[in-house]
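Residue-level structure breakdown
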Amino acid sequence: EFGAGLLAPVPRRPHRLARVTPSSLVWRLGRVSLLLWCLPMAAIAALFGGMSHSLIALVGTDSATGSMFDDLSSATDPVNQYFSFSYVFIVVGPMVYGVQAVLATRAEERSGLLDTELATGIRRVAPLLARITLAVVGSIVLLVLGAVVQAAVTYAAAGGGSARWALAYPLAQMPGVLAVIGIAAAVVGWLPRLSSIVWAVVAWSAFTAVFAELLKLPGWARSFSAFGHGPDAVAGGVGGWMPWTAVAVLIVVAIVGMAAGLAGMKQRDFVVAT
């Protein structure tokens, strides 16, 4: 497709072709998807922000609702209880987007597009590196968008005291989102045939974030979740603003996973579906 692949026409000089980098190709293929992801993210965040005032009041006055949130959250304050629950629905979207963006490298490999890209003389790690970059930037954009929209709508509905938690809870999960992107990159680099196992990490993280307190899961089981390592520790009376040890571990997992995935792309053969 002339003008839509690795080679694009140079403006005002159609007789010459300009080489397009892997990053620009990935952006060209993925920019519409990222823009479309922004729409449901903003809608979900606005929904939970708009419900915040009435539900927080209900948690504080209705014993049945308060008991339900007591079972779902370690927090004791109704504001923290609500946002320690709602953030899950805002953070899952960016995490799913990031994993999809990285795993697209595997789909390109099976379709033969990766071979075509490498035939232009680019480095073997370049396509995955471009996908990782898109995943990181895109997931951060979606996460910030969701947090800001939820905080803005909450501010209008319930005031500034609640709005800061509406912003803090989703943003605190950013290291977890990056960690799962790192895991996806490592799997693509070394275990491409088992790339679907990354979705198990996403599912477990979401499950524990919602049901860990209700099911009384042990600490070692919760530690395998990418979620929940944020300001909920303050609400539960555990410690400071952030559990920095958990955050550091997640960041290390993200960096090591991305580096391992890029290293794996140098070592293995690429397989095209037949």
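Here the residue index of a chain counts from 1 through its sequence in written order. Local features are withheld for residues below a pLDDT of 70 in this predicted model, meaning they are given only at 70 or higher, and side-chain atom pairs are given and counted only at 80 or more; totals for whole chains, interfaces and linings count all residues. Side-chain numbers come from the whole structure's heavy atoms, not from hydrogens or water.

Re the overall build of the protein
The test is simple: A run of H or I in DSSP counts as a helix once it spans at least four residues, and a run of E counts as a strand once it spans at least two, with each numbered from the N terminus. Buried, partly exposed and exposed residues are distinguished by accessible area as a fraction of the type maximum, computed with a 1.4 Å probe on protein chains only: under 20%, between the cut-offs, and over 50%, respectively. The contact criterion used throughout is that any non-hydrogen atoms of two residues lie within 4.5 Å. Only the protein chains shown count as cover for residues, and all accessible areas are computed by the Shrake-Rupley method using a 1.4 Å probe.
When helices and strands are counted, the protein shows 11 helices and two strands. Going residue by residue from the N terminus, the α and β elements of the protein occur as β-β-α-α-α-α-α-α-α-α-α-α-α. Within the protein, buried positions represent 47% of all 274 residues. Long-range pairs, those at least 24 residues apart, make up 71% of the contacts in the protein with a sequence separation of at least 6. For the protein, the accessible area works out to roughly 13,000 Å², and carbon and sulfur atoms hold 68% of it.

Details of the nonpolar core
Note the following rule: We call a set of buried residues a nonpolar core when its members are Ala, Val, Leu, Ile, Met, Phe, Trp, Tyr or Cys and they connect through side-chain atoms within 4.5 Å of each other.
Grouped together as the largest cluster of nonpolar side chains are 50 residues, with contacts concentrated most on Phe83, Val102 and Ile181. Looking at this core, the elements with two or more residues in it are α1 (22–61), α3 (78–111), α4 (113–118), α5 (126–158), α6 (160–171), α7 (174–190), α8 (197–215) and α11 (244–267). When residues of this core are assigned to their parent elements, the largest contribution, 12 residues, is made by α3. Setting aside its immediate chain neighbours within four residues, Ile181 contacts Gly98, Val102, Ala135, Val136, Ser139 and Met258. In terms of nonpolar packing, the next biggest core, distinct from the first, is built from 11 residues, Val26, Leu34, Cys38 and Val149 among them.

A short note on the environment of Ile56
If you trace the backbone, Ile56 turns up in helix α1. Here Ile56 falls in the buried class, since its relative accessible area comes to 12%. C-alpha separation for the pair Ile56 and Val79, spaced 23 residues apart in sequence, amounts to 5.9 Å. The residues contacting Ile56, other than those within four sequence positions of it, are Pro78, Val79, Tyr82, Phe83 and Ser162.

Re the side chain of Ser52
The residue Ser52 is located in helix α1 in this model. Filtering out sequence-adjacent residues up to four positions away, Ser52 remains in contact with Tyr82, Phe83, Thr154, Ala157 and Ala158.

A few points about unusual backbone geometry
In the Ramachandran plot, Lys216 falls in the positive-phi region, its phi being about 55° despite a non-glycine side chain. Inspection of the secondary structure puts Lys216 in the loop between α8 and α9 (219–222).

Details of the packing of α5 against α7
Quick note on the threshold: For helices, the fitted line uses only the C-alpha atoms of the stretch in contact; every axis is such a line through C-alpha atoms, and the angle between N-to-C directions lies from 0 to 180 degrees. Convention used here: angles under 35 degrees read as roughly parallel, angles over 145 as roughly antiparallel, angles from 65 to 115 as roughly perpendicular, and any remaining angle as oblique. Crossing handedness follows the turn of the near helix against the far one: under a right angle anticlockwise gives a left-handed crossing, and clockwise gives a right-handed one. Just so you know the grouping, Ala, Val, Leu, Ile, Met, Phe, Trp, Tyr, Cys and Pro go in nonpolar, Asp, Glu, Lys and Arg go in charged, and all remaining residues, Gly too, go in polar.
Look at α5 against α7: their axes get within 11 Å of each other, and the N-to-C directions meet at 160°. On the basis of the axis angle, α5 is roughly antiparallel to α7. Note on packing geometry: the crossing formed by α5 with α7 is right-handed. The residues of α7 that touch α5, namely those facing Leu128, Ile132, Ala135, Val136, Ser139, Ile140, Leu143 and Val144, are Met174, Val177, Leu178, Ile181, Ala185 and Val188. Residues that form the contact of α5 with α7 fall into these classes: 13 nonpolar, one polar and no charged.

A few points about the environment of Leu25
Position of Leu25 among the secondary structure elements: in helix α1. Taking the C-alpha atoms as reference, Leu25 lies 9.2 Å from Pro127; in sequence the two are 102 residues apart.

Quick word on the pattern of salt bridges
Our working definition: What makes a salt bridge here is a side-chain nitrogen of Lys or Arg within 4 Å of a carboxyl oxygen of Asp or Glu, nothing more.
Taken as a whole, this structure holds four salt bridges when the rule is applied. Glu108 serves as the salt-bridge partner of Arg131, at 2.6 Å between the closest nitrogen and oxygen. Remark: Glu108 occurs in helix α3 and Arg131 occurs in helix α5; sequence separation between them is 23 residues. Like Glu108, Arg131 is buried. By sharing partners, the salt bridges in this structure join Arg106, Glu109 and Arg268 into a single network.

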